[in-house]
Amino acid sequence: MSEQAFDLVADANCRLLVLGSFPGVRSLQARRYYAHPGNQFWKLMSPVAGVDLVALEYDERLVALVARRIGLWDVAQTAQRKGSLDAALREVEARDLRTLAAQLPHLRAMAFNGGTAFRIGQRQMGANPPVALIPLPSSSGAHAIPLAAKQAVWNQLGAWLQSSSPPGPNMPSSSSSLRSPR
C-alpha cells in the first residue's frame with residue numbers, strides 16, 4: 001500500500017525550497033517532517049535559518065522557516081517503503097517540481113536532502129532548470145558522515161536567502177499561506 005507524503009510548507013515569498021525524498025516511518029506516524037530523533041535536519045537548518053529550530057515546538061519550526069523564506073517538501077508524492085531507508089523506496093510517484101517552481105516567483109534554489117531526493121528532483125526538473133539545484137548530504141542519522149561535515153555543506157544554503165544571488169549557477173525564475181502536513 002502506498003503512503004502519502006505531506007503538504008508543502010511554503011508561501012509565495014519562498015526563496016529556498018528544501019526537499020527530502022519521502023517521510024520515514026516515524027515522520028509518517030507523527031505526521032511531521034523529520035520527526036525521528038536521530039534525524040539531524042532541524043540541527044542542520046538552525047544556522048541556515050538563524051534560529052534554534054530544535055528548541056521550538058514543531059508548528060513554530062514551520063512558521064520560523066516560512067518567515068525566513070524557506071520552504072519544505074518532499075520530491076515524492078506517494079511511495080511504498082518498508083522501513084525508512086531511501087534504498088527501500090518503491091512505486092515512487094514524483095511531484096511536479098517544475099510547476100511548483102513556476103508558482104513561486106521568488107524561488108532561487110531547490111536543495112535536496114540526500115542523494116535519492118537529488119536524483120528524483122533532478123529528473124523532474126530536467127535540462128535547464130529555472131532555479132539552482134543543490135545536492136546536500138542526507139540529514140538522516142543513517143548517513144554516517146560527521147555532523148560537522150554535513151553542517152559545512154548545509155550552511156552554504158544561507159547565501160540563497162540573501163537579497164542578491166550568490167555566485168554560481170543560479171538561474172532565478174522570472175496564496176501566501178502556510179501549509180502544514182495533515
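The structure presented is a predicted model; accordingly, all values stated were derived computationally and were not measured.

J.: Give a description of the sheet that holds strand β3 (residues 70–74) that names residues and reports values.
T.: Taken in spatial order, the 4 strands of this open sheet run β3-β2-β6-β7, and their pairing is parallel. Two strands lie at the open edges of the sheet, namely β3 and β7 (132–136), each paired on one side alone. Shown here is a sheet whose adjacent strand axes are inclined to one another by a mean of 25°, direction ignored. Judged from the 4 bridges that link them, strand β2 (residues 16–20) and strand β6 (residues 109–113) form a sheet pairing that is parallel. Note that in β6 the partner of L17 across the bridge is M110. In the packing of helix α2 (residues 41–49) onto the sheet, contacts are made with β2, β3 and β6, and the angle to β3 comes to roughly 155°.

J.: Tell me about the side chain of R108, and name the residues and values.
T.: Within the secondary structure, R108 is located in the loop between α4 (97–103) and β6. Lacking a salt bridge, the buried R108 has D11 as its closest oppositely charged neighbour, with an N-O distance of 13 Å. Looking at R108, its side chain comes within polar contact range of the main-chain oxygen of W160, at 3.4 Å.

J.: If you had to explain α2 to someone new, which residues and values would you point to?
T.: Across the 9 residues that make up α2, a large majority, 7, are buried. Looking at α2, one finds that the buried residues are F41, W42, L44, M45, S46, V48 and A49. Structurally, α2 contributes buried residues whose contacts are with β2, α3 (58–67), β3, β6 and α6 (147–154). Phi turns positive, to about 75°, at G50, one or two residues after α2.

J.: Report on the nonpolar core, specifying residues and quantitative values.
T.: If you look at the biggest cluster of nonpolar residues, it comprises 52 residues, and the most contacted ones within it are W42, M45, L72 and M110. Secondary-structure elements contributing two or more residues to this core are β2, α2, α3, β3, α4, β6, α5 (115–125) and β7. Residues contacting L72, with those up to four places away along its chain left out, are D7, L8, V9, L17, V18, Y33, Y34, F41, W42, L62 and L65.

J.: Before we move on, can you summarise the environment of R119 with the specific residues and values?
T.: Considering the arrangement of structural elements, one finds R119 in helix α5. With 44 residues separating them along the chain, R119 and V75 place their C-alpha atoms 9.6 Å apart. A distance of 3.2 Å separates the side chain of R119 from the side chain of T116, its partner in a polar contact.

Reading the values: the criteria
Residues numbered from 1 in each chain as written. Predicted model: local features only at pLDDT ≥ 70, side-chain atom pairs only at ≥ 80, totals over all residues. Heavy atoms only, no water. Pairing = 2+ DSSP bridges. Helix = DSSP H or I, 4+ residues; strand = E, 2+ residues; numbered from the N terminus. Axes fitted to C-alpha atoms, helices over the stretch in contact; angles between N-to-C directions. Contact = heavy atoms within 4.5 Å. Buried < 20%, exposed > 50% of the residue type's maximum accessible area, 1.4 Å probe, protein only. Lys, Arg positive; Asp, Glu negative; His and termini not counted. Salt bridge = Lys/Arg side-chain N within 4 Å of Asp/Glu carboxyl O. Polar contact = N/O pair within 3.5 Å; in protein donor to acceptor, adjacent residues only side chain to side chain. Core = buried A, V, L, I, M, F, W, Y, C linked by side-chain atoms within 4.5 Å.

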